[in-house]
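Tertiary structure, described
Residues per chain, in single letters:
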Amino acid sequence: MISNEISKAVHLLNQNEVIGFPTETVYGLAGNAFSETAISKIYSIKKRPSFNPLIVHIKNKEQMNDIAQEIPDIAYKLANEFWPGPLTLILKKQPHISNLITANKDTVAIRMPNHPIALELLNQLSYPLVAPSANPYTAISPTKAIQVQNYFPNEVQLVLEGGSCSVGVESTIIGFENNETIVYRLGAIALEDIQKVTGAIRVLNKNNKTPKAPGMTLKHYAPTTTLVFTQNVSEAITLHTSKKIGLLLFNTPQPKIDSVLQIVLSPENDLKIAAANLYNALHELDNRNLDIIIAERFPDYGLGKTINDRLDRATKTEH
Ligand code: TXA
Ligand code: MG
């Protein structure tokens, strides 16, 4: 059930239940971070492998010290710059943080979301919330309450209504190793903006066979329709003429294809707007009974890098 009533969400969470809730990036599946019952439910509802750890969502910057220890100065600097907001920090965990959250790692992922309903909910609770994106493992992340409801009609009793997510792609994940700042997942904050705070950064190679962030597994964010991701949309169309094609484009429609079968993510040529519309467009195209979705490669800077990363993973067949 989709609801505006935060008190109902509080009630369910206090009983170790899992709910859907909005953040500025994507909707999450939330449970009490201090309840192993709730944490286990999240993994089983999502069918997520237990080796893929969860993010702890906190209500204010100070709460970071209750979850993590030996926090480097640069992490405080990043938190001050970007929280509340779409930045997740990987820090050394406090001993009391459950190994179920961290997949037995000695680090924990933390973020303070920037959504009024998420913050209102967190403020009414005596514990932080663990929350992965509210999609079944490897499916497209939801940016609307109804998509969460459709994914988990029986498993999730309540989804808090928070409108369409304004940012629309997941948080950027940053960790620290041997005085180096490392990007584990490209996300809603452009690398260029992170670098202004941190100086040099290293981006973890997503094709790495043993990824640091298991969410970096190759197949992710995938529609059920076959997706072709290309620099040259016009050529890809000619290669698939016998098929019912849908298009996902940056700023300009494609004259060869019926306009109802194409989604232009940002006619105003703005990468942030394109990112905000990305998952919703994938959901929509996926529901149109197409044979194939052809997606255009984005410029390789700012949030264009994040969009390319997600579309690239959506085409992978390997887990
Ligand atoms: O924007 C977001 O981050 C959304 C909203 C709901 O906050 N959440 C989200 O969660 O995207 P999820 O579970 O779909 O992705 C979390 C990522 C995974 O790739 C996981 O592997 C990584 O965070 N992660 C969590 N703990 C980690 C740790 N200790 N070390 C490295 N990576 C970690
Ligand atoms: Mg996810």
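Look above for the structure.
Described in the following lines is the structure provided in the data block. Bear in mind that the values here come from a model prediction, so they are computed numbers and not experimental data. (Residues numbered from 1 in each chain as written. Chains lettered and ligands numbered in written order. Predicted model: local features only at pLDDT ≥ 70, side-chain atom pairs only at ≥ 80, totals over all residues. Heavy atoms only, no water.)

Focus: the sheet that holds strand S15 (residues 262-264)
Formally: What makes two strands pair is DSSP finding at least two bridges between them. Numbering goes from the N terminus for both helices and strands, where a helix is a DSSP run of H or I of at least four residues and a strand is a run of E of at least two. All axes are obtained by fitting lines to C-alpha atoms, using only the stretch in contact for helices, and the reported angles, taken between N-to-C directions, cover 0 to 180 degrees. In what follows, a contact means two residues having at least one pair of non-hydrogen atoms within 4.5 Å.
Taken together, 4 strands build an open sheet; the order of strands is S13-S16-S14-S15 and the sheet is parallel. Of all strands in the sheet, those with a lone pairing partner are strand S13 (226-230) and S15, marking the two edges. On average, each strand axis in the sheet is inclined to that of its neighbour by 15°, with strand direction left out of account. The pairing of strand S14 (residues 245-249) with strand S16 (residues 292-296) spans 4 bridges and is classified as parallel. Of the residues in S16, the one forming a bridge with Gly246 is Ile293. Relative to the sheet, helix H10 (residues 271-286) contacts S13, S14, S15 and S16, its axis offset from that of S14 by approximately 175°. Helix-sheet contacts for helix H11 (residues 303-315) involve S13, S14 and S16, and the interaxial angle to S13 is about 135°.

With respect to the nonpolar core
In globular proteins that are soluble, nonpolar side chains generally tend to be buried together. Going by this rule: In these notes, a set of buried Ala, Val, Leu, Ile, Met, Phe, Trp, Tyr and Cys residues joined through side-chain atoms within 4.5 Å is what counts as a nonpolar core. Under the scheme applied here, a residue whose accessible area is under 20% of the maximum for its type counts as buried, over 50% as exposed, and between as partly exposed, the area being computed with a 1.4 Å probe on protein chains only.
In this structure, Leu78, Trp83, Leu87, Leu89, Leu91 and Ile101 are the most contacted members of the largest nonpolar core, which totals 46 residues. For Trp83, the contacting residues outside a window of four places in its chain are Ile58, Lys61, Met64, Leu78, Leu89, Ile110, Arg111 and Met112. By size, the runner-up hydrophobic cluster in this structure holds 38 residues, among which are Ala236, Ile263, Leu282 and Ile294.

Focus: the packing of H10 against H11
Formally: Roughly parallel covers angles under 35 degrees, roughly antiparallel covers those over 145, roughly perpendicular covers 65 to 115, and oblique covers all other angles. Crossings are sorted by hand: turned counterclockwise from the far helix by less than a right angle, the near helix makes the crossing left-handed, and turned clockwise it makes it right-handed.
Direction vectors running N to C along H10 and H11 enclose 20°, while the axes themselves pass 9 Å from each other. Regarding the angle of H10 to H11, the classification is roughly parallel. The way H10 lies across H11 gives a crossing that is left-handed. Mapping the contact onto sequence places Leu271, Lys272, Ala274, Ala275, Leu278, Tyr279 and Leu282 in H10 and Leu303, Gly304, Ile307, Arg310 and Leu311 in H11.

Remarks on the pairing of S14
S14 sits mainly inside the fold: 5 of its 5 residues count as buried. Both faces of S14 are covered, namely the face carrying Ile245, Leu247 and Leu249 and the face carrying Gly246 and Leu248. Pairing analysis gives 3 bridges linking S14 to S15, with the strands arranged parallel. Note on S15: the bridge partner recorded for Leu247 is Gln262.

Regarding helix H1 (residues 6-14)
Note the following rule: Note that the arc is computed from the directions linking the helix axis to the C-beta atoms.
By the burial criterion, the buried members of H1 are Ile6, Ala9, Val10, Leu12 and Leu13. End-on, the buried residues of H1 take up no more than an arc of 165°, which puts them together on one face. Looking at the buried side of H1, the elements it contacts are strand S2 (19-21), strand S3 (28-32), helix H6 (116-123), strand S8 (129-130) and strand S9 (159-160).

What to know about the pattern of salt bridges
Rules: Here, a salt bridge means any side-chain nitrogen of Lys or Arg that lies within 4 Å of a carboxyl oxygen of Asp or Glu.
One pass over the structure, following the stated rule, counts 11 salt bridges. For Glu24, the salt bridge identified is with Arg111, shortest N-O distance 2.9 Å. Note that Glu24 is positioned in the loop between S2 and S3 and Arg111 in strand S7 (residues 107-111), a separation of 87 residues in sequence. Here the two residues Glu24 and Arg111 agree in accessibility, since each one is buried. Among the salt bridges present, the one from Glu70 reaches Lys92, with a minimum N-O distance of 3.2 Å. With Glu70 in the loop between strand S5 (68-69) and helix H4 (73-82) and Lys92 in strand S6 (residues 87-93), this pair connects stretches of sequence that are 22 residues apart.

Quick notes on the packing of aromatic side chains
We apply this condition: Geometry of aromatic contacts follows a simple scheme: Phe, Tyr and Trp rings, the Trp one being its six-membered ring, pair when their centres are within 6.5 Å, and the pair is stacked under 30 degrees between planes, edge-to-face over 60, tilted otherwise.
In the structure shown here, the tally under the stated rule is 2 aromatic pairs. Aromatic side chains Tyr151 and Phe152 sit 6.1 Å apart centroid to centroid with 55° between the ring planes, which places their arrangement in the tilted category. Phe152 gets classed as buried once you look at its relative accessible area, which sits at 2%. On the basis of an interplanar angle of 40° and a centroid distance of 4.9 Å, the ring pair of Phe250 and Phe298 is categorised as tilted. Placement of the pair is Phe250 in the loop between S14 and S15 and Phe298 in the loop between S16 and H11, with a sequence separation of 48 residues. Residue class for Phe250 comes out buried when judged on its relative accessible area of 7%. Exposure remark for Phe298: the relative accessible area of 4% places this residue in the buried category.

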